[in-house]
Each structure stands twice: as C-alpha cells, then as structure tokens.
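Below, each chain spelled out in residue letters.
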Amino acid sequence: MTLGTSQHPLRVAIIGSGPSGFYAADHLQKQADLVVEIDMFDRLPTPYGLVRGGVAPDHQKIKSVTKVYEKIAAKENFRFYGNVEFGADVTHADMQKRYHALIFTTGAQTDRRLNIPGEDLPGSHPATEFVAWYNAHPDFKDCEFDLTCKAAAVVGIGNVAMDVARILARSESELHQSDIADYAMAALLKSDIETIYILGRRGPVQAAFTDPEIKEMGEMEIANVVVGPDEVKLDPASQSIYDRGDDAIIHRNMEHLRHYAENPETGKPKKIVFRFCVSPVEIIGTDKVEAIKIVKNELYQDDKGDIKAKATDQFETIPVGLVFRSVGYRGVALPGVPFNESWGTIPHDKGRVMTQPKDGQQVTGDYVAGWIKRGPSGVIGTNKPDSVETVETLLEDMRAGKINSPTSATREALEALLNERGVRFVTFDDWLILNDIELARGMEQGRPRIKFTSVEEMLAALEEHEQGALVAGD
Ligand code: NAP
C-alpha cells in the first residue's frame, strides 16, 4: 500500500512544541500530495517552547509569532499531546510502533558552565534558570534569587544576557506591560539591585548581542547604560574587521555603544555597566556569592583568522551578590536517542539521526530539527529553513522506503496507550482554554496575560472548565 494516502497516511510524531517543531509540521502540511497525520508532543501542558518560556516577557511583539503556530495547529491533520513526557510516559520503542517517523525538536534546555571556582556558590545561577523562572516555567517557579544585594554580574554578551540585565533593571510600569510571572514581578519590585555588570570575554566587535537589543538598553525607564570610553577602543584586528564594513550588525552595535560612551547618562536609579575583554576567573564568597574576580583579556587573531581572548596578568574584583552565567544554552539527551555529549546535540546528517557524528549509522525513522540539531544559535526564524531541511530528508527517506513500519499506526492506539498509563494528555483545544483564562486574567489587570505557574493549576483549571461545561449541558 502506498504510504501518504488517505488509506495509509504518513504518521509523524514531533517531540517538542517550540518553533522548530511547528515549522516541521508546517512543511509537512505544505506537501500537496501527501496525506499526513502530525502528532506533536510536549512535556508541558503548554505549547511553544522557548517562545513561551525563553523569549523575554517584555518582548511581546516577538511572542506574537504564536499566531502562525495556532494556524498550523488548527489544521485537521494536527494534534497536540501536551503533558506527555518522551522517555517517561512514552518510550522511544512505543513511538516507533505508532509512527513512521519521529522528529525531535526539544531545543536546548540547560546551560553551559564556566568551570571556574565558586561557580556553585548560592547566588551563582545559570541565566537559563532565571529566564525560566521569570517566564513562569512550572519546573522553575520555586527557584529563589536573592535580590537583596546592590550589584549583580551577568557573564556573556549574547541576547540572553541582554534579556537578563533588562529584566533586572525594569521599572514597575515596564514590568506591568509584560507577561512576567506574578511572583517574579513581586520579587523584582522589591529588588535592591542598583548595578548590573555585563561581562564580555571579547570586545564589542565580537559581541553576540544584536543591535535592537543594545539600542533598547538606552531606552530603559529607570536604568542608565554605562560604557567607559576605553571599552569602545578597538584592538587592531577588531578595527580591521570593523573597517571592512561587511557586517551591518557590528556597525550598528558599535554606533550604539559609542553613543553611550560619548553621552554618559546619569540620574536614573539603576545602571547597566558594560565591560569588554574580561573573563571571570573565580566567584568569591564564603556561604554565598560576595564578589566576582575577573582578568583583563587581550585579543589576538589565530591561524584561522578568528579573534580569541588571552588572559593578561591584570585582575580585578567586583563586589556582587548575584552572578548569572549567560554563556549559552545546551541540549539534553533523550532516552534511547543518540547524543553528542561534547556538543550537546543529536548527531545527524541533514536532519537524519545518526548513531554518532562521524561514520555513524542512520537510526531509521528518527529525525531532528532546531537547537537540538544545530546547537543554540540564531533567532526564531532561523529554525524554519532548518526544519524544512529535516522534513525534506524525511520525505526522501519515505520515498526510498527507509522509515519505520509501525504496527499500531493509529491515533486511537496512541490514545489508548496514554489512557492505559493514566496520562492526562492536554489537547490543543485544552490549551486554547488555558490561553483564554491567562488572557482574561491579564485583561483584568491591564496586562498582556497572567500565566499559570504550575501543571497542577493548569489541570485543575481544565477540570473545572469541563465540570462547568457539563453543568451547562455543552
Ligand atoms: P550566544 O548568543 O551564543 O552568546 C553567548 C555569549 O557567551 C557570547 O558572548 C560568548 O562569548 C559568551 N561565552 C561563551 N563561553 C564563555 C565563557 N567561558 N566565558 C565568558 N563568556 C563566554 O547565546 P545566548 O545569549 O544564550 O543566545 C542563544 C541564541 O538565542 C542566540 O542565537 C541569540 O541571538 C538568541 N536570542 C535572541 C533573542 C532576540 O532575538 N531578542 C533573545 C534571546 C536569545 P564568545 O563570543 O566569546 O564565545
């Protein structure tokens, strides 16, 4: 029987409901001659991955990309199974029996480490944890951040570092316009933090942040940006990269930074201080973070032309009570799926999962897209071509007959298994109910939304809604 027809639909499970998962679903839906059933799974009852749990709560415009995902989810051939954990509620073998192909789009859920003394002192946190906490991710709602200190350091100069620094320095009215978790807003409004140091190991030309984010720093209601004049002086190698003029982001970043250096702001109660060419060497403290020791770096160009940082013998100690390590996200291994420990990604060939990065064998029926495929880089839209590549590979394998031959290839079989295991899966319609409740709660307080912060609370709200619907005879 031909696969991909109404008698014999292609069944694809997408594990992870962030942008790359939705773009994979979208590309499958765009195949005019293919009858496909797409089941998307998420460990949480809520979809959208980092759009909900990572994108900063004061960046509501970016979050509006979910409108596109809603349209994908509304199509007849799409189902959402939230609150289902791959590897716990369903195993790899369970899924292979029920789907012709699995696409892993689980992103990068944990952090990279600095590997310096004091990194595990109370008060030293991965930025990923802080981000998940202020975004109301249920796993992180009980995290505690001691905001009673006067200064904090953020290590790294990517966009996540910008998000963290901004959230630490936002005013009450700015936070009010965001969908930050209620508990986080309450804690931040009591914060004593006045100074936030952003520490980059290389120079401003090598910064990973982008120009809208650095521009936004200068538009904060209660925080001044501090960039010392020496911070924007370029070493010869960086100067020649700048002079080449082929990277517009570098030019715009430098323009903003020079503007801050030449027009020092004063008068606001908080300050965000940029320090370039410094690396933390130790986080100091007895029972908790008391200071961060940094070394001044010199930049040099290696054989490949890359600009690298080299430590000098000039050290400095900055008193801070909190350190956020914002040096990149890292993927987490999935049970039964190959994983490259050094890169934190699933080894693949054009999205086809391989047993190992080099000279590996294909794992039939397994595919990967997004950050868990290529590492944590790029903006939301970067995931689109990445997912398209993976789906094209999957379709090529399907045509060559190189995918799974599931024995229970129906939605009924999947749902029977989940019910048998007592898994209360959350459908997309359920999510839309939760979404409406969050939006309505937000509206009452003049905020974009007020998020649920625990899975229990979400399931209870759904239960209550069902009871209400029963009473109303719906
Ligand atoms: P990132 O862009 O990769 O930045 C990581 C930063 O950490 C870099 O400045 C890097 O410096 C530094 N770093 C790495 N190892 C270090 C070490 N041992 N010591 C000191 N510094 C170190 O990562 P990210 O900020 O987590 O962002 C992840 C992705 O999400 C990025 O593509 C980002 O653009 C995207 N994002 C976008 C937005 C937005 O569009 N508004 C918001 C948030 C995130 P080197 O360059 O020297 O390695």
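Residues numbered from 1 in each chain as written. Predicted model: local features only at pLDDT ≥ 70, side-chain atom pairs only at ≥ 80, totals over all residues. Heavy atoms only, no water.

**Notes on the nonpolar core**
Considering soluble globular proteins, one finds that nonpolar side chains tend to be buried as a cluster. Within the largest apolar cluster, 59 residues are counted, with the highest numbers of intra-cluster contacts made by Leu168, Met217, Ile272 and Phe274. A total of 7 residues in this core trace back to one element, the largest contributor, which is helix α7 (residues 159-169). Ignoring sequence-local partners within four residues, the contact set of Phe274 consists of Met162, Ile198, Phe209, Ile214, Met217, Val225, Val226, Val227 and Glu231. Core analysis: the next-biggest nonpolar cluster, separate from the first, contains 39 residues, Ala24, Val65, Ala101 and Ala461 among them. (Core = buried A, V, L, I, M, F, W, Y, C linked by side-chain atoms within 4.5 Å. Buried < 20%, exposed > 50% of the residue type's maximum accessible area, 1.4 Å probe, protein only. Helix = DSSP H or I, 4+ residues; strand = E, 2+ residues; numbered from the N terminus. Contact = heavy atoms within 4.5 Å.)

**Re the packing of aromatic side chains**
A complete count under the given rule lists 22 aromatic pairs for this structure. Ring plane angle 90° and centroid distance 6.4 Å describe the contact between Phe78 and Phe428, whose orientation is recorded as edge-to-face. Of this pair, Phe78 sits in strand β3 (residues 78-81) while Phe428 sits in helix α16 (residues 428-444), placing them 350 residues apart in sequence. Here Phe78 falls in the buried class, since its relative accessible area comes to 6%. You can call Phe428 buried: its relative accessible area is 9%. Through a chain of ring-to-ring contacts, the aromatic side chains of Phe22, Tyr23, Tyr48, Tyr69, Phe78, Phe80, Phe428 and Trp431 assemble into a single cluster. Lying over the aromatic face of Tyr300, Lys310 brings its terminal NZ or CZ to 5.5 Å of the ring centre. Between the NZ or CZ atom of Arg441 and the centre of the ring of Phe452, over which it lies, the distance is 4.3 Å. (Phe/Tyr/Trp six-rings, centres within 6.5 Å; stacked < 30°, edge-to-face > 60°. Lys NZ or Arg CZ within 6 Å of the ring centre and 35° of its normal.)

**Considerations on the pairing of strand β14 (residues 322-325)**
A two-sided burial pattern is seen for β14, the buried positions comprising Leu322 and Phe324 on one face and Val323 and Arg325 on the other. Pairing of strand β6 (residues 124-126) with β14 involves 3 bridges; the strand directions are parallel. Paired with Pro126 across the two strands is Arg325, which belongs to β14. Taken together, the 4 bridges between strand β7 (residues 151-155) and β14 define a ladder with parallel strand orientation. Of the residues in β14, the one forming a bridge with Val154 is Phe324. (Pairing = 2+ DSSP bridges.)

**A look at the sheet that holds strand β8 (residues 195-199)**
With respect to topology, 6 strands assemble into an open sheet ordered β6-β14-β7-β8-β10-β9, the strand pairing being parallel. The outermost strands of the open sheet, each flanked by one partner alone, are β6 and β9 (223-227). Neighbouring strand axes in the sheet, compared pairwise and without regard to direction, differ in orientation by 20° on average. Of the strand pairs in this sheet, β8 and strand β10 (residues 270-275) are connected by 5 bridges, and their pairing is parallel. Paired with Tyr197 across the two strands is Val273, which belongs to β10. Lying over the sheet, helix α6 (residues 127-134) contacts β6 and β14, oriented at roughly 75° with respect to β6. (Axes fitted to C-alpha atoms, helices over the stretch in contact; angles between N-to-C directions.)

**Comments concerning the site of the ligand**
Near the ligand, the surroundings consist of 22 residues, among which Ile157, Arg201, Arg202, Glu213 and Gly378 are the closest. Between Arg202 and the ligand, the recorded distance is 2.8 Å, taken from a side-chain N or O atom to an oxygen atom. Looking at the shell around the ligand element by element, the count peaks at 3 residues for α7. Its residues assigned to classes, the shell around the ligand comprises 10 nonpolar, 7 polar and 5 charged. (Near = heavy atom within 4 Å. Polar contact = N/O pair within 3.5 Å; in protein donor to acceptor, adjacent residues only side chain to side chain. Nonpolar A, V, L, I, M, F, W, Y, C, P; charged D, E, K, R; others polar.)

**Description of the domain arrangement of the chain**
Accessible area lost upon the coming together of the parts serves often as the stated size of an interface. Partitioning the chain into domains gives domain 1 (10-109 + 331-426) and domain 2 (111-329). With centres defined by C-alpha atoms, the gap from domain 1 to domain 2 works out at 33 Å. Across the contact, 16 residues belong to domain 1 and 18 residues belong to domain 2. Approximately 1,400 Å² of surface area, both sides summed, lies buried where domain 1 meets domain 2, with 52% of it carried by carbon and sulfur atoms. A per-residue breakdown of the area domain 1 buries against domain 2 is headed by Pro57, Asp58 and His59, which together make up 36% of the total. Where domain 1 packs against domain 2, one counts 3 salt bridges. Here Asp58 and Arg170 are joined by a salt bridge, their closest N and O atoms 2.8 Å apart. At the junction of domain 1 with domain 2, the criterion picks out 10 residue pairs in polar contact (both at pLDDT 80 or more). Residue assignment for the side of domain 1 that touches domain 2 shows that the elements contributing at least two residues are α2 (50-53) and α3 (60-63). Of all the elements, α2 adds the most residues to the side of domain 1 that touches domain 2, at 3 residues. (Domains from an automatic or database assignment. Buried area = accessible area lost by both parts, 1.4 Å probe. Salt bridge = Lys/Arg side-chain N within 4 Å of Asp/Glu carboxyl O.)

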